[in-house]
Amino acid sequence: MGRATGSWLSGPQIGPEGGGGEYRGQDLGLPESGPGALAGGWPRVAALLIDWLLGGGVSLLFVPSSSPSLGTTVLGVWFVIGVVAVTFFGFTPGQFALGMRVARVDFGPDRAEAEATGREPFAAVGILRALGRQVLIVFLVPALINDYNGRALHDRATGTAMVRTR
């Protein structure tokens, strides 16, 4: 007997022809492994945790730990750290610590491949993309839904991808 749930629980396949290629990121022009390859899910979660803990520590400089507005302050500090760091450097402190960065992939596979191999400098993410990513990450759901490449919805919406730097 075939899998009765396979047709409707698997969900639709998004992307060209139902999938990218031989490996994740191939259709974006990214390498299969090493620097420039798509970062995995757990390192991304760990980087988010580091950034959130950093935001919590910095927020304690402004608000006492017993304050009822501590959670809102942590969210605000985390938000500002994320937007400023990605705009100016292309990565947050947590992403840097774990060897990742935010890369633009909207220029096409040729540019992404040239950046991954070092033939072209990395394109700046810019403040609008950084702001859009942070706003969508606040809602958490877009960060949990991934496409066939493993890119989350906030990356797809802003034309970016989280890639490895080492």
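Everything numeric here is computed off the predicted structure, so don't read it as measured data. (Residues numbered from 1 in each chain as written. Predicted model: local features only at pLDDT ≥ 70, side-chain atom pairs only at ≥ 80, totals over all residues. Heavy atoms only, no water.)

J.: Give me the packing of helix 2 (residues 41–59) against helix 3 (residues 70–88): which residues, what numbers.
T.: The contact between helix 2 and helix 3 brings their axes to 8 Å, and the two run at 120°. Classed by the angle they form, the pair helix 2 and helix 3 counts as oblique. Our pair here, helix 2 against helix 3, has a crossing hand that is right-handed. Contact with helix 2, carried on its side by Leu 48, Asp 51, Trp 52, Leu 54, Gly 55, Gly 56, Val 58 and Ser 59, involves Leu 70, Thr 73, Val 74, Leu 75, Val 77, Trp 78 and Ile 81 of helix 3 and no other residues of that element. (Axes fitted to C-alpha atoms, helices over the stretch in contact; angles between N-to-C directions. Helix = DSSP H or I, 4+ residues; strand = E, 2+ residues; numbered from the N terminus. Parallel < 35°, antiparallel > 145°, perpendicular 65-115°, else oblique. Left-handed = near helix turned anticlockwise from the far one by under 90°. Contact = heavy atoms within 4.5 Å.)

J.: Explain the side chain of Thr 158 residue by residue, including any values.
T.: Residue position: Thr 158 is located in helix 8 (residues 153–158). Within the local environment of Thr 158, its side chain forms a polar contact with the backbone oxygen of His 154, the two atoms lying 2.8 Å apart. In contact with Thr 158, other than residues within four places in its own chain, are Arg 129, Gly 132 and Arg 133. (Polar contact = N/O pair within 3.5 Å; in protein donor to acceptor, adjacent residues only side chain to side chain.)

J.: Got a sec to walk through the packing of aromatic side chains? Specific residues and values, please.
T.: Each aromatic ring pair is characterised by the separation of its centres together with the angle its planes make. Summed over the entire model, instances satisfying the criterion amount to three aromatic pairs. Residues Phe 89 and Phe 91 carry aromatic rings whose centres are separated by 6.2 Å and whose planes lie at 25° to one another, so their mutual orientation is stacked. Chaining the aromatic ring pairs together yields one cluster made of Phe 89, Phe 91 and Phe 96. The residue whose ring lies beneath Arg 101 is Phe 122, and the NZ or CZ to ring-centre distance is 3.4 Å. (Phe/Tyr/Trp six-rings, centres within 6.5 Å; stacked < 30°, edge-to-face > 60°. Lys NZ or Arg CZ within 6 Å of the ring centre and 35° of its normal.)

J.: Explain a nonpolar patch on the surface to me, using residue names and the numbers behind them.
T.: Together, Trp 52, Leu 75, Leu 131, Val 135, Val 138 and Phe 139 make up an exposed nonpolar region whose accessible area comes to about 500 Å². Of the residues forming the nonpolar patch, the biggest block, three residues, is contributed by helix 6 (residues 127–138). Within the secondary structure, Leu 75 sits in helix 3. Under the relative-accessibility criterion, Leu 75 is labelled partly exposed at 32%. (Patch = residues over 30% accessible without salt bridge, like charges linked within 9 Å, V, L, I, M, F, W, Y side chains within 5 Å. Areas by Shrake-Rupley, 256 points an atom, 1.4 Å probe, with all protein chains shown as cover. Salt bridge = Lys/Arg side-chain N within 4 Å of Asp/Glu carboxyl O. Buried < 20%, exposed > 50% of the residue type's maximum accessible area, 1.4 Å probe, protein only.)

J.: Quick rundown of the environment of Gly 55? Include the residues and the values.
T.: Note that Gly 55 resides in helix 2. For the pair Gly 55 and Val 77, spaced 22 residues apart in sequence, the C-alpha separation works out to 5.3 Å. Not counting the four nearest positions on each side in its chain, Gly 55 is found in contact with Val 74, Val 77, Trp 78 and Ile 81.

J.: I'd love a proper account of the pattern of salt bridges, names of residues and values included.
T.: Counted according to the given criterion, the structure contains five salt bridges. Across the salt bridge formed by Arg 104 and Asp 106, the nearest N and O atoms sit 3.0 Å from each other. A relative accessible area of 16% places Arg 104 in the buried class. A salt bridge links Asp 147 to Arg 156, with the shortest nitrogen-to-oxygen separation between them at 2.7 Å. Relative accessible area serves as the criterion here: at 8%, Asp 147 is assigned to the buried category. Its relative accessible area of 35% is what places Arg 156 among the partly exposed residues.

J.: Describe helix 6, and please don't skip the residues or the numbers.
T.: With twelve residues, helix 6 extends 16 Å from end C-alpha to end C-alpha; this agrees with the ideal 16 Å at 1.5 Å per step. In this fold, the buried residues of helix 6 make contact with helix 2, helix 3, strand 1 (100–104), helix 8 and strand 2 (160–164). (Expected span 1.5 Å × (residues − 1).)

J.: Would you mind going over the pairing of strand 2 in detail, with residue names and values included?
T.: Summarising burial for strand 2: four of the five residues are buried, a large majority. Sheet analysis places strand 1 next to strand 2, joined by five bridges and oriented antiparallel. Residue pairing for strand 2: Met 100 is matched across the bridge by Arg 164. (Pairing = 2+ DSSP bridges.)

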